[in-house]
Amino acid sequence: MKKTSIALLSALWFSGLCQAADFVTLQFGNKTIKAEVAISAAERQKGLMFRTSMAKDHGMLFIMDGEESACMWMKNTKIPLSVAFIDAFGKIINIEDMEPETTDIHCSRAPAKYALEMNKGWFGALNPAKQYEVKGLPLKSVLTY
């Protein structure tokens with residue numbers, strides 16, 4: 001495939017993601033999640049700051065630039081959240097509960113491609129020994145050759 005074809009396909013795919021994927025639908029077991037996407041550095045930095053509520057089964061999906069050690073905090077975030085750090089294959093690495101308006105740092109235990117913030121307690125009492133998978137994650141990495 002020619003470089004121009006690859007560039008054109010990438011541009012078309014990316015423009016579709018930016019216009020139509022302010023939200024993505026994810027599957028977690030038998031639950032469906034509607035997640036707002038934070039893909040740029042500015043969107044990831046702002047996250048859910050200053051919001052006072054979030055609908056049931058809604059969240060925010062942070063897409064990292066690559067697989068990296070990811071950390072979150074709750075500065076200026078008004079609602080209690082749980083964050084699941086997820087690898088590039090959709091496997092949950094670890095889940096952390098976070099309290100509003102704190103600067104405590106919560107990090108992934110291994111390199112993560114995604115972080116999914118949900119209302120605190122949404123993930124419930126998951127068995128930490130079991131490997132859970134999130135399906136429907138957008139593959140931003142498709143854009144980089």
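Model, not experiment: these values are computed from the prediction.

1. A short note on the overall build of the chain
Working step 1: Within the chain, the regular secondary structure consists of two helices and nine strands.
Working step 2: Looking at the chain as a whole, 38% of its 145 residues qualify as buried.
Working step 3: Expressed as a percentage of contacts within the chain between residues at least 6 apart in sequence, the contacts between residues at least 24 apart total 67%.
Working step 4: Accessible surface, the chain as shown: approximately 8,400 Å² in total, 56% of it carbon and sulfur.

2. Points about the nonpolar core
If you look at soluble globular proteins, the nonpolar side chains tend to sit buried side by side.
Working step 1: Membership of the largest hydrophobic core comes to 20 residues, with the highest contact counts inside it found for Leu26, Phe28, Ile33, Leu61, Ile86 and Leu116.
Working step 2: Listed by contribution, the elements that provide at least two residues to this core are strand E1 (23–28), strand E2 (31–38), strand E3 (58–68), strand E5 (81–86) and strand E8 (112–119).
Working step 3: Those residues within four positions of Ile33 in sequence are excluded, and the remaining contacts are Val24, Thr25, Leu26, Phe28, Asp57, Gly59, Leu116, Met118 and Trp122.

3. What to know about the confidence of the model for the chain
In regions of low pLDDT, the predicted coordinates are not meant to be interpreted in detail.
Working step 1: Across the chain, pLDDT averages 82, with 78% of residues at or above 70.
Working step 2: Here helix H1 (residues 3–20) stands out as the element of the chain with the lowest mean pLDDT, 37, in contrast to strand E7 (residues 106–107), whose mean of 98 is the highest.
Working step 3: Segment residues 1–21: pLDDT under 50, and 13 contacts once partners within four positions in sequence are set aside and those in other chains are kept.
Working step 4: Here residues 141–145 is modelled with pLDDT under 50, and outside its nearest four sequence neighbours on either side it reaches six contacts, counting other chains as well.

Quick notes on the rules
- Residues numbered from 1 in each chain as written.
- Predicted model: local features only at pLDDT ≥ 70, side-chain atom pairs only at ≥ 80, totals over all residues.
- Heavy atoms only, no water.
- Helix = DSSP H or I, 4+ residues; strand = E, 2+ residues; numbered from the N terminus.
- Buried < 20%, exposed > 50% of the residue type's maximum accessible area, 1.4 Å probe, protein only.
- Contact = heavy atoms within 4.5 Å.
- Areas by Shrake-Rupley, 256 points an atom, 1.4 Å probe, with all protein chains shown as cover.
- Core = buried A, V, L, I, M, F, W, Y, C linked by side-chain atoms within 4.5 Å.
- pLDDT = per-residue confidence, 0-100.

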